[in-house]
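Residue-level structural notes
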Amino acid sequence: MKSLFKRTTQKSKPDINEQPSQTASNLLALQSKWNLPQFSYAFAQSVGMQRDHNEDALIALASALSLQDSVRPFGFFAIADGMGGHLHGEIASKLAIGSITSTITERILIPYINPTRPTPQNSLQNILNEALLTAHQEVLRHATGGGTTLTACLIFGSYLTIAHVGDSRAYYIDIDGAIKRYTRDHSLVNRLIELGQINEKQALNHPQRNVLYRALGQNEPLEADIGSFPIPESGYLLICSDGLWSVVPDPSIAEILRSNTSLQSACNDLIQAANQAGGPDNISVILVKFNG
Amino acid sequence: MTDEWNKPDSTTKEPAATNYGTAQLRIGSTIANRYLIEGILGIGGMGAVYRARDLHFPNVVKHVAVKEMIIQTHDPAIRNSIIRNFEREADLLATLDHPAIPRIFDYFSAQDRSYLVMELINGKTLEERLKDDLEISQIIQWAIEICDVLQYLHTHQPEPIIFRDMKPSNVMINQYNRVMLIDFGIAKPFRGEQKGTMIGTEGYSPPEQYRGEATHLADIYALGATLHHVLTRKDPRLEPPFSFGERPIRYYNPNVSTELEAVIIKALQYNPEDRFTSALEMKSALENLLASQSQTQDIEPNLSTIFSTDVSLLWKFSTQDEIRGNLTIFEQSVFFGSYDHNLYCVDKNSGELIWLYTTDGAVVSRPVIVEGNVIFASADNRVYVLNHRNGKINFSYYTQGPIWSSPVYAAGHIFIGSDDCNLHAINLVTGNPSWKLDAGSPVRSTPFIFEDGIYFGSEYGDYYCIDFRGTIRWRFKAKKGVTGSSVAEKNSVYFGSLDANVYALDAKTGWMLWRTRLGKATISTPCIDGDYLYIGSTDGNLYCLDTRNGKILWQYEAMNQVTGSPIIHQNRVYFGSVDSYVYCLDGLTGNLIWKYQTGGAITSTPVINGNILYIGSTDKHLYALQITPSG
């Protein structure tokens, strides 16, 4: 192709009218800290006022790995609320928690802390999903007839990844007490609310309010809700079973967090509030505080 | 596997669910001194279904299906109720006489097991047939036959019978291509008030069935749900109950007529009184469809949705070779390169040439305007820095290979990849490199700056996050090259690869959050709008993914590869395809709003400025299209 303009083929002196506002020297000054979000946590559990045994199970697993560049936190928090008679509920929730935690440990935590292991060529969401499906199979196999909810939160890197089935919940509560739900209940009443057939108030007294359309241990193909959320700079992650949220309204939860200085006392107060409201079910609470 | 298959009582096919310690009958064993077990047709939660030979006919081979129910409980009340249910199924079947209902020959109990001996159906369930390509007219035909047998059940004397369990796995298509209903065991008792009750929702059941109020209209709903599944291939058991309305049939299967969709929508109404009043009524609606469909089959769908008034040619600018790269608009000018070696500066309103600058190679790189300079690169190995007003050169910078990447500017530096396998950081003031990073293979992707990291991929699939000093923070390995550029949102970087995956990585750690496989390789750069990510693929589709989990929300099929990148503007997605068209889709639904044909394949990315869309085509023209903004 013939050139129409005579071209300068040599590197010529720059002829820049407006000087670039940033120079090479401040390029280095731009280096910010490559910090990852840090957190602290607490949990509490109660059998409630009307049950004689506990069908809830929970895990709180946290580690901090300090390497040359940064402190890298890892957290895995999960609650399972079992159901089905003849101890099957208890077995189901225990199995689910044990199974998913084992998978996460083997497939995420160990490769992460062991530099000789290659980074898994699988996505966090996929690993979490497979871990949940493995737990589902375990429940099917060893707690036939039982079932369980499972809400599992993985804090890793700059993301909070949540896998969820059932009606346990994960909330985000900011420092001003504004409360937002990460999870969607897989309950019949929640579905009816979504369809505009009933309202939240009617749901609380609906005869089928305890009916779930998805749970681990059911003889159905299981589809978990999986999502990743950037870890907030501040505020709280609250994971709880319906023993808390069905009797303690959102504003009271936020108020308890606001009025407590320690995470543990906040957890204890949440349990107490549920029991004071009748404690109709087992109550499990995990509270994670994000520290920027 | 055998083609013969009678389904067991439960829907599950997970062997895991059957580990009761109660073994299946051995092949070769005989039960009731009459039925020689020859094979297992299926395994369910309550027992298996066997294929057996009836030994009362020693001179001929007569096969039957033997359905087994294993009673595991020792509670006598539950035990009796299970046996009663089983007997009821047997009694029911014995009173029914319809070609779509299997005949029953016998039933008996032995020890902890009860058996039904039935007609063996040679065929496959509709669930299994979901793997096949099914003609819509065929599906309608089967639906008509199902309506027919439902009508028979619903008008049965002395009592109407509600099937209650209509779903693809309970419908068999026999060797004569006729429908057979199987599994009359049902009437899953609904346990009421008890805390923590679970319901094994089939996903096909209507709302009233959860309240235990099923009438014959429940079967109508479940048939609607079954047809919805068959036509959309979206398994309702994986979705929330009563959510069919959120998955429009024609959206997943454009070959379905609006009339057929309307029939199914009517069957799926939330309130029973809004559905068809009888299976007979639904049957005639389907028959009418079949009659009219044969006449209208050849009409091309979709085209009616294109409104030519939505787009018109404002001007086009002719170059001497293909335009494959992307353009930049700055002030009143459009800057773009061509395979004719030139960089052009054209008046964005009139399409008049302002200046051009000729290099020694094809210009594919997208120019960037910084501090009065237009910066771009050429396949002649060089990065050019020109005065953007007159095209006079300020300096050029040599790399050791052709450049297909585009420059980005940050922190006083130009960052650009080259086929010399390096990422170059060029000081814009001095024109000298501050550093080079060896990426191990050609870098054709355009670097992406996010917060204080530089993200780019190489042709061998290495994906890097480096800081402004050129230090690698982390490295990720895709299976094949990463040619497209990245986007970032909320701490994640997203990019596509020649390995056909779209990746979402934690921008700080490089850990994969999700990946989603497209039909074929992609070199398109994704764009993001809220929770939606758009990306093209060489499989000919433009995909819309959920950024939170990578799920494909919709895909739009162009007539050829989509190698260029989409852009989003006022909730609409714009992109070009190798099929020569520029497309405008609704960003939410993927519905076509308009398309505009150029004279050649489009590999570049459109830019919208004002109400004008600019895009280059391999027909050697840059197009300026007047578009109508969305309402």
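Before reading on, note that the structure itself is shown above.
Residue numbering note: each chain is counted from 1, following its sequence as written. Ligands are numbered from 1 and chains lettered from A, in the order in which they are written. Residues qualify for local features only when their pLDDT is at least 70, as the model is predicted, and side-chain atom pairs are given and counted only at 80 or more; totals for whole chains, interfaces and linings, by contrast, use all residues. Side-chain metrics in this entry use all non-hydrogen atoms of the structure; hydrogen atoms and water are not considered.

**Looking at the pattern of salt bridges**
All names here are of chain B. Here, a salt bridge means any side-chain nitrogen of Lys or Arg that lies within 4 Å of a carboxyl oxygen of Asp or Glu. Scanning the entire structure with this criterion turns up 35 salt bridges over all chains. Of the charged contacts in the structure, one is a salt bridge between Arg-247 and Glu-239, with a shortest N-O distance of 3.8 Å. Only protein chains enter the accessibility calculation, which uses a 1.4 Å probe. A residue is then buried if its area is under 20% of the maximum for its type, exposed if over 50%, and partly exposed in between. The class for Arg-247 is buried, based on a relative accessible area of 5%. On the basis of relative accessibility, which here comes to 25%, the residue Glu-239 falls in the partly exposed class.

**Comments concerning the nonpolar core**
Among the nonpolar cores identified, the biggest contains 66 residues, and Leu153(B), Met166(B), Leu260(B), Met282(B) and Leu286(B) are the most heavily contacted of them. Of all the elements, helix α3 (residues 136-154) of chain B adds the most residues to this core, at 11 residues. Counting 47 residues, the second-largest nonpolar core is a separate cluster that includes Leu132(A), Ala135(A), Phe156(A) and Leu222(A). In plain words, nonpolar cores are sets of buried Ala, Val, Leu, Ile, Met, Phe, Trp, Tyr and Cys residues tied together by side-chain atoms within 4.5 Å. What counts as a helix is a DSSP run of H or I of at least four residues, what counts as a strand is a run of E of at least two, and both are numbered from the N terminus.

**Section: helix α7 (residues 258-267) of chain B**
Each turn of an α-helix holds 3.6 residues, which means side chains three or four residues apart point in the same direction. Residues of α7(B) that are buried include every one of Leu260(B), Glu261(B), Val263(B), Ile264(B) and Ala267(B), and no others. On an axial view of α7(B), the arc spanned by its buried residues comes to 155°, and they lie on one face. Think of the arc as the fan of directions from the helix axis to the C-beta atoms.

**Remarks on the sheet that holds strand β28 (residues 492-496) of chain B**
Residues and elements named next belong to chain B. Here, any two strands with at least 2 DSSP bridges between them count as paired. Reading across from one edge, β27-β28-β29-β30 is the order of the 4 strands in this open sheet, with antiparallel pairing throughout. At either margin of the open sheet sits one strand with a lone partner, and together these are β27 (487-489) and β30 (512-517). Direction aside, neighbouring strands of the sheet carry axes that sit 20° apart on average. Where strand β29 (residues 501-506) meets β30, 5 bridges bridge the pair, whose relative direction is antiparallel. Each bridged residue has a counterpart across the sheet, and for Tyr-503 the counterpart in β30 is Arg-515. Under this scheme, a helix contributes an axis fitted over its contacting stretch, all axes are lines through C-alpha atoms, and angles between N-to-C directions fall in the 0 to 180 degree range.

**Points about the layout of surface pockets**
Computed over the protein atoms alone on a 1 Å grid, cavities are sets of points where a 1.4 Å probe fits but cannot get out and pockets are open sets with protein on both sides within 12 Å along at least five of seven lines; a residue lines them when it has an atom within 4 Å of a point. Grid points are joined across faces, edges and corners, and a volume is the space filled by probe spheres set on the points. Its volume calculated, the second largest pocket comes out at about 1,600 Å³. Taken together, 49 residues form the lining of the second largest pocket, with Glu223(A), Asp546(B), Asn549(B), Lys551(B) and Leu553(B) sitting closest to its centre. Counting only elements with at least two residues in the lining of the second largest pocket, the list comes to α3 (124-142), β6 (159-165), β8 (179-181) and β9 (225-230) of chain A together with α6 (249-252), β30 and β34 (552-557) of chain B. Under the convention adopted here, Pro, Cys and the residues Ala, Val, Leu, Ile, Met, Phe, Trp and Tyr are nonpolar, Asp, Glu, Lys and Arg are charged, and Gly plus all remaining residues are polar. Its residues assigned to classes, the lining of the second largest pocket comprises 19 nonpolar, 12 polar and 18 charged.

**Thoughts on the sheet that holds strand β25 (residues 462-466) of chain B**
Residue and element names in this part refer to chain B. The sheet built from 4 strands is open, its strands ordered β23-β24-β25-β26 with antiparallel pairing. Of all strands in the sheet, those with a lone pairing partner are β23 (448-450) and β26 (472-477), marking the two edges. Ignoring strand direction, the axes of neighbouring strands in this sheet form an average angle of 20°. Across 4 bridges, strand β24 (residues 453-457) lies against β25 in antiparallel orientation. By the bridge assignment for β25, Tyr-455 is matched with Cys-465.

**Digging into the packing of aromatic side chains**
The relation between two aromatic rings is expressed through the spacing of the ring centres and the mutual angle of the planes. Geometry of aromatic contacts follows a simple scheme: Phe, Tyr and Trp rings, the Trp one being its six-membered ring, pair when their centres are within 6.5 Å, and the pair is stacked under 30 degrees between planes, edge-to-face over 60, tilted otherwise. Counted according to the given criterion, the structure contains 39 aromatic pairs over all chains. Ring geometry for Tyr112(A) versus Phe156(A): centroids 4.5 Å apart, planes at 65°, classification edge-to-face. Within this pair, whereas Tyr112(A) is found in helix α2 (residues 88-113), its partner Phe156(A) is found in strand β5 (residues 150-156), the two being separated by 44 residues in sequence. Take Tyr112(A) and Phe156(A): they sit in the same class, and that class is buried. Within the aromatic cluster, the residues linked to one another by ring pairs are Phe450(B), Tyr455(B), Tyr463(B), Trp474(B), Phe476(B), Phe495(B) and Tyr503(B). Directly above the ring of Phe57(B) sits Lys62(B), whose terminal nitrogen or CZ lies 5.7 Å from the centroid. Above the face of the Tyr339(B) ring, Arg324(B) is positioned so that its terminal group lies 5.8 Å from the ring centre. Only Lys NZ and Arg CZ are tested; either one counts as a charge over a ring when it is within 6 Å of the ring centre and within 35 degrees of the ring normal.

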